[in-house]
Amino acid sequence: MPGAIGRDAFLEIVGPALELDRVDGVEALLLHSWSANTRFASSQIHQSTAREDTSLRIRIVRDGRIGVAETNEVTRDGAVAAARSAREMTDAVGSDPAFPGLAPVAPIPEPAPLDTTTAEASPAYRAETVAAVVDRCGAGMHAAGAYETGAIELGLANTEGQVCWAPHTQAALNVVVTGPNGGSGFAEAIAPGIDGVDGAAAGARAAGKAGASADPQPIDPGTYEVVLEPAATSTLVDFLGFIGFGGRSLLEGESCLSGKKDTQVAAPSISIVDDATDPGTIGAPFDFEGVPKRKLDLIRDGVFRQGAYDRRTAKQAGTVSTGHGLPAPNPDGPLPLHLCLEPGSSTVEEMIAATERGLLVTRFHYTNVVNAIASTITGMTRDGTFLIENGRVVGPVANLRFTQSILEALRDTSLVGTRAELSGEFFFGVSRVPALKIDRFTFSS
Amino acid sequence: MCRSRLRDGEEEPVLDVAKRAVDAATAAGADYADARAGRDETESLTVRNQEMEGIDRLTSSGVGIRVLVAGRWGFAATARTDAEEIERAAALAVEQARAASLLPADPVELSPVEPVTDHWHGPCQEDPFDVPLEEKVALLMEASRRMQQVRGTTFASGVLDFYRRRTCFASTDGAAIDQTVTHSGGGIEATAIADGQVQRRSFPNSFRGHLAGAGYEHVRSLGLLSESERTAHEAVDLLTAPSCPDEVTTLVLDSGQMELQVHESVGHAVELDRVLGMEAAYAGTSFVSPGDRGRLRYASPLVSITADASLRGGLGSFAYDDEGVAAHRTPILVDGVFQEFISSRETAPAIGEASNGTMRADGWSNLPLIRMTNISLEPGQGSLADIIGDTKDGIYMATNKSWSIDDKRVNFQFGCEIAWRIRNGVIAEPLRDPTYAGITTEFWNSCDAVAGPEEWTVWGTPNCGKGQPGQVARVGHGTSPARFRNVRAGVR
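Conventions and cut-offs
- Residues numbered from 1 in each chain as written.
- Chains lettered and ligands numbered in written order.
- Predicted model: local features only at pLDDT ≥ 70, side-chain atom pairs only at ≥ 80, totals over all residues.
- Heavy atoms only, no water.
- Helix = DSSP H or I, 4+ residues; strand = E, 2+ residues; numbered from the N terminus.
- Rg over C-alpha atoms; globule rule 2.2 N^0.38 Å.
- Buried < 20%, exposed > 50% of the residue type's maximum accessible area, 1.4 Å probe, protein only.
- Contact = heavy atoms within 4.5 Å.
- Areas by Shrake-Rupley, 256 points an atom, 1.4 Å probe, with all protein chains shown as cover.
- Axes fitted to C-alpha atoms, helices over the stretch in contact; angles between N-to-C directions.
- Parallel < 35°, antiparallel > 145°, perpendicular 65-115°, else oblique.
- Left-handed = near helix turned anticlockwise from the far one by under 90°.
- Expected span 1.5 Å × (residues − 1).
- Pairing = 2+ DSSP bridges.
- Buried area = accessible area lost by both parts, 1.4 Å probe.
- Salt bridge = Lys/Arg side-chain N within 4 Å of Asp/Glu carboxyl O.
- Nonpolar A, V, L, I, M, F, W, Y, C, P; charged D, E, K, R; others polar.
- Core = buried A, V, L, I, M, F, W, Y, C linked by side-chain atoms within 4.5 Å.

A.B. asks: Lay out the overall build of chain B in plain terms, naming residues and giving numbers.
C.D. replies: Helix and strand counts for chain B come out as nine helices and 23 strands. Taken over C-alpha atoms, the radius of gyration comes to 23 Å for chain B, in line with the 23 Å a tight globule of 492 residues would show. For chain B, the proportion of its 492 residues judged to be buried stands at 66%. Sequence-distant contacts in chain B: of pairs separated by 6 or more residues, those separated by 24 or more amount to 76%. Counting only carbon and sulfur atoms, one obtains 49% of the accessible surface of chain B, whose full area is about 16,400 Å².

See the structure below:
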């Protein structure tokens, strides 16, 4: 395993850069990651990789002007060279009147020790997990997917005196099992450590779906009731995080939630929070500006309560940063990255029983925004789509394209699942969400 | 002269790093090894409403080592290139490969390649990293100012992006290749917001403009200033334009949208690793199979599509891929009939071929994958005006806004920034929020016009995603405007 850098070594490396002359402020942001990935297809391991890299991003403030340079030469010389490069940029740009200054000193929770079992997981260990997946495939079935384990050290120090440090680990397994006659099933397991990843269970779940989804029949597009499993729910929640909750888009009128503060935007059963400190999520307790992350009630009982802010957008909004800044420079503004849709009281079986005629959706594929202000997105179903009639799953159906407003879907949500799971979206990070029963959901082709 | 910059201005023995990594892998037990020692350099500027929103520079260097041990791949990458670290990474790559043997599999066999020693620089007349920042900032500020002068413009943005990658490749076959590419480009964007609507127009293209394998001369050729006011006017006018109707119609696509149509519904579909199932769990597979070569009528006879890594100016241009295979020009569709996949040394033998050289990695830290090079729709005849003039009733859409396609590359839906009604051969009123949807082979077979070379542009797509862990590739597409019949538009 590559060695962890550690807080003290980080401060030693960036020390001279923080003391650069002819500047008013310096911020050093370090992201050190090492990960390994065992990738499989056709029930064979076909890629087995490991990589380590470190980025050191230096932001310089000089006469109100900002420059940023990043290097992966993580030495005292490398840090100073990056700082000088960033200082050179400040000669070419005008002052930034909206710049709120670097983050002041604020307390950051003591980091937990690094989970070395996960950080040092061997290729043999991952291969054994993959073998457990493959072992669950029945005759004529093939497994594909990836199992990645790794660790990240995130550190920040600035000339205001703020120092932040947090290591964390992640283990993520995703599985697609294909079976005879067009059957396909998906399962995933994402956790802060390898103890939370059960290859046999994921393999069994994906294989079960692949068997059940053989011979899918075409069905006409139209508006259906849907039961979304957590992986499908995460697509709605993650895209809402991307186009709805960011402070910049809210302020500038580009968010589907602009002007809707304290307005009922979803069913009363819908509550969405962003909470990096929840032990069930993965990440650091501070943002990329060194601001402690606050738990946000984004939507509470269906009412839009607040957005996510970094220091710049908070200043513009007359509030304080919620700790959701991204690495500078960041023209796109802040984003919530630890979304959780709070669980409800219904099981998936109860949702199916409550469906007269609808579709059970395992997950979506290649979703994208059609109209941000209307919160309309489009994508395809994938790896297990089933017809429900009179409260029972009656058979698999061919994949369909949906084109649907997220907020309308959340308004039409009648049941929320009891169990929230970590799920990774194709384009985004990880959110923790339950299954949903939505009474109207539009499939366009 | 455009050349790779090295730390502190010193000549770095980058190729030597790759060679040492190959030697270390062999010593650790690899049967075959290759290594890429590389260095990336980028500069990015963003201006909005005449204020600097972002200016940053990034450098990254390191080495990635790929090995075969008993027919199984292993790979390890590290940013440090001292001897001890290279030996550690090489041993880790071998350990990765050995662990893969826990599951039974056919051993990897590589198609042959003639090892070469070469040194190559991509086209670059004016080094973009030598152009003063002040000049770049001034260009974006002036474009922003001109857009802001148009009443109703809410935001007026401009971006410039510059990129240089030096890759030194060595292998146990004896290859020793040092190549550098330079990419430059940018664009402007006007946003108009009113009455709960957001409308946006971009020039020359959306999603950070128009990038090319070239130096700063490409930026000078874009016409960012001369097109500023028109771009802003179109954004403002869209606020009061009627919605694109939901109907089956004749669809004319501009060259910029054709770029993404080719990318999503042809380029990805003909990647042989997808066809063989290697991407099944993530990006997906393909509806195209090896038996379709020479048989599948993918498109109408007017459609010929070519993969060409030697195309001048493309983001997918190079001299050798990341397996040391020389740049190829490969027919994908000829007169509408599917001919060839894009392939690698590992996948090509599965269809009885040798690699046609499309393996590329997202920098030194990633394993090479089959990636599009420059996948281009060969030009047809006549102008866009000819096509419009020949269309009695239809919709002309321009500039991509959204995209989605299924995991087999069959069912797609795209959105564009703007459309115009075509009536009796004339462009009429603009339409807002246009979308269209289709099924890949039905759509391409409905093509009945492709404009000629005078309308042909080599676009750059700098953000093509694939693989686990996710990688970003920079690819190119030469396209002309084209017309399609009986297409569903106005999906919402």
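A.B. asks: Tell me about the packing of helix 3 (residues 133-148) of chain B against helix 5 (residues 228-238) of chain B, residues and numbers included.
C.D. replies: Residues and elements named next belong to chain B. Put simply, helix 3 and helix 5 touch, their axes get as near as 8 Å, and they point 45 degrees apart. Taken as axis vectors, helix 3 and helix 5 run oblique relative to one another. Here helix 3 runs over helix 5; the crossing is right-handed. Packed against helix 3, whose contacting residues are Ala143, Arg146 and Met147, the element helix 5 presents Ser228, Glu229 and Ala232 at the interface.

A.B. asks: Would you mind going over helix 3 of chain B in detail, with residue names and values included?
C.D. replies: Since the α-helix packs 3.6 residues into each turn, any two residues three or four apart lie on the same face. With 16 residues, helix 3 of chain B extends 22 Å between its outermost C-alpha atoms, agreeing within 8% with the 22 Å of an ideal straight helix rising 1.5 Å per residue. Those residues of helix 3 of chain B that fall on the buried side of the exposure criterion are Leu133, Lys136, Val137, Leu139, Leu140, Met141, Ala143, Ser144 and Met147 of chain B.

A.B. asks: Give a detailed account of the sheet that holds strand 15 (residues 375-377) of chain B, specifying residues and quantitative values.
C.D. replies: Residues and elements named next belong to chain B. With antiparallel pairing, four strands are arranged side by side in an open sheet as 12-11-10-15. Each end of this open sheet is capped by a strand with a single partner; those strands are strand 12 (337-338) and strand 15. The sheet contact formed by strand 11 (residues 329-334) and strand 12 spans two bridges and is antiparallel. Following the sheet pairing, leucine 333 is matched in strand 12 by phenylalanine 338.

A.B. asks: Describe the interface of chain A and chain B, and please don't skip the residues or the numbers.
C.D. replies: Often, the extent of an interface is quoted as the loss of accessible area on bringing the components together. Every contact between the two is made by 72 residues of chain A and, on the other side, 76 residues of chain B. A buried area of about 6,000 Å², summed over both sides, lies between chain A and chain B, and 50% of it is on carbon and sulfur atoms. By the criterion of area lost to chain B, the three top residues of chain A are Arg39, Arg51 and Tyr366 of chain A, representing 10% of everything that side buries. Applying the counting criterion to the chain A and chain B interface returns eight salt bridges. A salt bridge links arginine 88 of chain B to glutamate 52 of chain A, with the nearest nitrogen and oxygen atoms 3.9 Å apart. Per-element tally for the side of chain A that touches chain B: the top contributor is strand 2 (residues 44-62) of chain A, with eleven residues. Of the residues belonging to the side of chain A that touches chain B, the class tally is 29 nonpolar, 25 polar and 18 charged.

A.B. asks: Residues and numbers for the nonpolar core, please.
C.D. replies: One finds Val14, Leu56, Ile58 and Ile60 of chain A together with Leu45 and Leu160 of chain B to be the most contacted residues of the largest nonpolar core, which totals 53 residues. Among the elements that make up this core, the one with the highest residue count is helix 3 of chain B (seven residues). If you look at the next biggest cluster of nonpolar residues, it comprises 51 residues, including Cys244, Met359, Cys416 and Tyr436 of chain B.

A.B. asks: Break down the pattern of salt bridges for me, citing the residues and quoting the values.
C.D. replies: Under the defined criterion, the tally for this structure stands at 70 salt bridges over all chains. The partner of glutamate 389 of chain A in a salt bridge is arginine 357 of chain A, with the nearest N and O atoms 3.4 Å apart. Residue glutamate 389 of chain A is found in strand 13 (residues 376-389), and its partner arginine 357 of chain A is found in strand 12 (residues 357-371); the two are separated by 32 residues along the sequence. For glutamate 389 of chain A, a relative accessible area of 29% corresponds to the partly exposed category. Here arginine 409 of chain B ties to glutamate 264 of chain B by a salt bridge, and the two come within 2.5 Å at their closest N and O atoms. Remark: glutamate 264 of chain B occurs in helix 6 (residues 255-267) and arginine 409 of chain B occurs in the loop between strand 16 (393-405) and strand 17 (411-423); sequence separation between them is 145 residues. Residue class for glutamate 264 of chain B comes out buried when judged on its relative accessible area of 3%.

Everything listed here is a matter of geometry and, on its own, says nothing about what the molecule does.
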